[in-house]
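Chains, contacts and geometry: an overview
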Amino acid sequence: MMNKDNKVDAISVKKPVYVIEFVHRLGLICWIDNENLMCRKQRGSSEPVHVKLTRSLKSVEHMAFDWIALNWYFTDSQNKRIFMCHTTSDQLNGRNETAIGFCKVIINQHFRSPKSIVVDPNEGYIFYIDGAERARIDQALLDGSGRRTIVKLNIVRPNGLTLDYANRYIYWLDTYGNHISRIDYHARRRVEITSGYSVSIHSEKLMIQ
């Protein structure tokens, strides 16, 4: 992270970090530290806050944040499920250390190998990868209902989901062949964009590495 003097702010962590998420609305960087959700202000030297939840994050593969409802979505690879945890801004900022975010499982059926997950709270959808032998990309409502598969053909090892919120496209990388594809929210207009190893959207520009 760059501070106002164009210097990099480093965050010291005591345990390995496997998952990280930037919460733009609150100016926070959040990550999973072994089995706990930790958050810290993007700027300054504040101490990380342990965001207490009713579930352990030990086997979480990926996470996504709904910045409107302040809900977290986690893919649990060991237990083959997606669960959601509700938090508050006071809890995330460390102003309510006694609060515990309530979690509930929203998807746990017909789900073999949960991977990447992304959320569009404006449209009311989550998108996630099941990386099983017959890999696919699914869509569901924010409560886990209304599940449907939007990509199931010509997909082998999908990863790295990212969303184009403005144009309502889902992008993903298929590491089998290292190509990047996209499809719209209604499972239409699928195209292969280019080859690459990672993909992200920034200021309506497609960033590929």
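For the structure given in this document, a descriptive report is provided here. (Residues numbered from 1 in each chain as written. Predicted model: local features only at pLDDT ≥ 70, side-chain atom pairs only at ≥ 80, totals over all residues. Heavy atoms only, no water.)

1. Some points on the state of the cysteines
Taken as a whole, this structure holds two disulfides when the rule is applied. The disulfide bridge from Cys 85 ends at Cys 103, spanning 2.0 Å between sulfur atoms. Where Cys 85 bonds to Cys 103 through sulfur, the torsion about that S-S bond is close to 110°, and the disulfide is right-handed. Residue Cys 85 is found in strand E7 (residues 81–86), and its partner Cys 103 is found in strand E8 (residues 103–107); the two are separated by 18 residues along the sequence. With respect to class, Cys 85 is no different from Cys 103; both count as buried. (Disulfide = S-S within 2.5 Å. Helix = DSSP H or I, 4+ residues; strand = E, 2+ residues; numbered from the N terminus. Buried < 20%, exposed > 50% of the residue type's maximum accessible area, 1.4 Å probe, protein only.)

2. Things to note about unusual backbone geometry
A positive phi angle, near 55°, is found at Lys 80, a position not held by glycine. Following the sequence through the fold, Lys 80 ends up in the loop between strand E6 (71–76) and E7. By relative accessible area, which is 41% here, Lys 80 ends up partly exposed. Here Asn 154, not a glycine, exhibits a phi torsion of approximately 55°, which is positive. By the secondary structure assignment, Asn 154 is in the loop between strand E12 (148–151) and strand E13 (158–164).

3. Let's talk about the sheet that holds strand E5 (residues 60–66)
The strands making up a sheet associate through backbone hydrogen bonding, with each pair oriented either parallel or antiparallel. Strand order in the open sheet made by the four strands is E5-E6-E7-E8, with antiparallel pairing throughout. The two strands at the open ends of the sheet, each matched to only one other strand, are E5 and E8. Across the sheet, the mean angle separating the axes of adjacent strands is 25° when strand polarity is ignored. Pairing analysis gives four bridges linking E7 to E8, with the strands arranged antiparallel. Looking at E8, one finds that Cys 85 is bridged to Cys 103. (Pairing = 2+ DSSP bridges. Axes fitted to C-alpha atoms, helices over the stretch in contact; angles between N-to-C directions.)

4. Some details on the pattern of salt bridges
In this structure the tally under the stated criterion is eight salt bridges. The residue Asp 76 makes a salt bridge to Arg 81 at a minimum N-O spacing of 3.2 Å. When sorted by exposure, Asp 76 lands in the same class as Arg 81, which is buried. The shortest N-O distance in the salt bridge between Asp 138 and Arg 147 comes to 3.8 Å. According to the relative accessible area criterion, Arg 147 is partly exposed, its value standing at 30%. What you see here is one network of salt bridges that share partners, running through Asp 130, Arg 136, Asp 138 and Arg 147. (Salt bridge = Lys/Arg side-chain N within 4 Å of Asp/Glu carboxyl O.)

5. Describing the sheet that holds strand E4 (residues 49–51)
Pairing in this open sheet of four strands is antiparallel, and the strands run E1-E2-E3-E4 from one edge to the other. The open sheet is flanked by strand E1 (17–23) and E4, the only strands paired with a single partner. Averaged over all adjacent pairs, the angle separating strand axes in this sheet is 30°, with direction ignored. Taken together, the six bridges between strand E2 (residues 28–33) and strand E3 (residues 36–41) define a ladder with antiparallel strand orientation.

6. Considerations on the pairing of strand E9 (residues 114–120)
Where burial is concerned, most of E9 is hidden: six out of the seven residues are buried. Direction of pairing for E9 relative to strand E10 (residues 125–130): antiparallel, over a ladder of five bridges. Its bridge partner lying in E10, Val 118 is registered against Phe 127. Between E9 and the antiparallel strand that follows it, E10, lie four residues; Gly 124 among them carries a positive phi value of about 80°.

7. Some words on the environment of His 62
Along the chain, the position of His 62 falls in strand E5. Remark: the alpha-carbon pair of His 62 and Tyr 73, spanning 11 residues in sequence, is separated by 8.3 Å. Those residues in contact with His 62, other than ones at most four positions away along the chain, are Val 19, Tyr 73, Phe 74, Thr 75, Lys 115, Ser 116 and Ile 117. (Contact = heavy atoms within 4.5 Å.)

8. Some thoughts on the pairing of E7
Among the six residues that make up E7, five are buried, leaving the element largely enclosed by the rest of the structure. One ladder, built from six bridges, connects E6 with E7; its direction is antiparallel. Paired with Asp 76 across the bridge in E7 is Arg 81. The antiparallel pairing of E6 with E7 creates a hairpin that spans four residues between the two strands, and Lys 80 there sits at a positive phi of about 55°.

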